[in-house]
Amino acid sequence: MNKKIGFIGCGKMASAIIKGITSSCCGEKYEIKGSEINCEIAELAQERLGVPVLTDNRMLVMDSDVIFLAVKPNYVPTILEEIKREITPEKLVVSIAAGVSTSKIEKIIGQKRVIRVMPNTPALVLEGMSGICKGEFARDEDAAFVMKLLSNIGKCIEVDEKQIDIVTAISGSGPAFFYKVIEDMARAGEKLGLDYEKSLLLATQTALGSAKMVFNKGELTVQNLIDNVATKGGCTFVGISVMNNENSDKLFYDVIDETAKKAHELGA
């Protein structure tokens with residue numbers, strides 16, 4: 001029998017996951033529904049996603065094997081109070097609400113199976129990077145199921161919950177950091193006399209190609225890839241020297257460290 005998956009909230013991230021599942025080769029294995037309290041929003045979501053979208057969260061939970069909490073973090077406690085009686089032990093709760101710990105969820109719904117997910121916005125183009133962690137009562141097979149599901153929108157790793165703030169900093173917030181680097185490189189090209197759109201294309205395609213090179217590096221290290229381009233005495237070597245002199249490694253450590261700290265504060 002097909003597994004039934006319900007999404008409470010059909011915003012951008014939930015939509016990306018739904019579209020990733022339904023467009024994948026294993027999409028037929030799942031029966032997907034969503035819920036939005038507002039009737040008009042529900043109708044628009046149903047038309048956009050091609051799946052039934054209810055206006056009753058409790059009804060959705062009763063008819064689902066897996067329930068995704070895809071709402072803003074401040075709405076989570078209210079929604080959990082609303083649906084907790086319908087969350088029976090055989091159901092799996094998957095939360096993508098940033099900063100909401102599994103223990104907070106378990107405190108409201110009791111000893112139920114909970115998986116927490118930190119996805120990111122490139123899931124919208126099926127190039128997402130997600131980190132997941134198990135709650136106290138979740139099983140290994142629960143984590144394996146969620147990881148397989150999220151592989152439809154990109155890649156996924158499992159971490160301990162104490163590490164989820166680092167995941168948030170690197171991949172959850174990371175797209176904005178990479179956008180910033182791409183924009184800064186493009187603006188530098190513009191200041192030096194190149195048309196901005198051409199400069200932006202150069203920076204963007206170079207970032208994409210470089211990422212693919214890292215994925216396909218085989219036995220090489222990232223440092224090997226750097227050295228292969230930055231021949232001693234060449235122009236790239238000069239650029240790398242500037243980065244080293246400006247302590248770019250410390251800059252990015254501070255960026256990730258401060259972001260992770262803030263993520264921890266939000267979830268405290």
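Look up a bit, the structure's there.
Residues numbered from 1 in each chain as written. Predicted model: local features only at pLDDT ≥ 70, side-chain atom pairs only at ≥ 80, totals over all residues. Heavy atoms only, no water.

## Focus: the state of the cysteines
Spelled out, the test is: Disulfide assignment relies on a single distance test, namely cysteine sulfur atoms paired within 2.5 Å. Relative accessibility thresholds used throughout: buried, under 20% of the residue-type maximum; exposed, over 50%; partly exposed, between the two (1.4 Å probe, protein chains only).
Scanning the entire structure with this criterion turns up zero disulfides. Free of any disulfide, Cys10 has its nearest neighbouring cysteine sulfur in Cys39, separated by 13 Å. Cys10 sits in the buried class, given a relative accessible area of 4%.

## Quick word on the packing of aromatic side chains
Note the following rule: Note on aromatic pairs: the rings of Phe, Tyr and Trp (six-membered ring only in Trp) are paired at centre separations within 6.5 Å, and the planes decide the class, stacked below 30 degrees, edge-to-face beyond 60, tilted for the rest. Labels follow the DSSP assignment, with helices taken as runs of H or I lasting at least four residues and strands as runs of E lasting at least two, numbered in each case from the N terminus.
Scanning the entire structure with this criterion turns up two aromatic pairs. Consider the rings of Phe7 and Phe68, whose centres lie 4.5 Å apart with planes at 15°: the pair is stacked. Taken as a pair, Phe7 in strand E1 (residues 3–8) and Phe68 in strand E4 (residues 66–69) lie far apart in primary sequence, 61 residues in all. Just as Phe7 is buried, Phe68 falls in that class too. Between Tyr30 and Phe145, the aromatic rings sit 6.1 Å apart at their centres with planes inclined by 70°, giving edge-to-face as the arrangement. Here Tyr30 is found in strand E2 (residues 30–35), whereas its partner Phe145 is found in helix H6 (residues 140–150), with 115 residues between them in sequence. Overall, Tyr30 belongs to the buried group, its relative accessible area being 12%. Exposure remark for Phe145: the relative accessible area of 15% places this residue in the buried category.

## Considering the packing of helix H7 (residues 164–172) against helix H12 (residues 248–267)
Stated precisely, the cut-off is as follows: Every angle, taken between N-to-C directions, lies between 0 and 180 degrees, and every axis is a line fitted to C-alpha atoms, over only the stretch in contact when it is a helix. Under this scheme an angle from 65 to 115 degrees is roughly perpendicular, one under 35 degrees roughly parallel, and one over 145 degrees roughly antiparallel; angles in between are oblique. When the near helix sits turned anticlockwise from the far one by under a right angle, the crossing is termed left-handed; a clockwise turn instead gives a right-handed crossing. Contacts are assigned to residue pairs that have any heavy atoms within 4.5 Å of one another.
The N-to-C vectors of H7 and H12 enclose an angle of 125°; their axes lie 8 Å apart at closest approach. The angle between H7 and H12 places the two elements in the oblique class. The crossing of H7 and H12 is right-handed. Residues Asp165, Ile166, Thr168, Ala169 and Ile170 of H7 form the contact with H12, whose participating residues are Ile256, Thr259, Ala260, Ala263 and His264.

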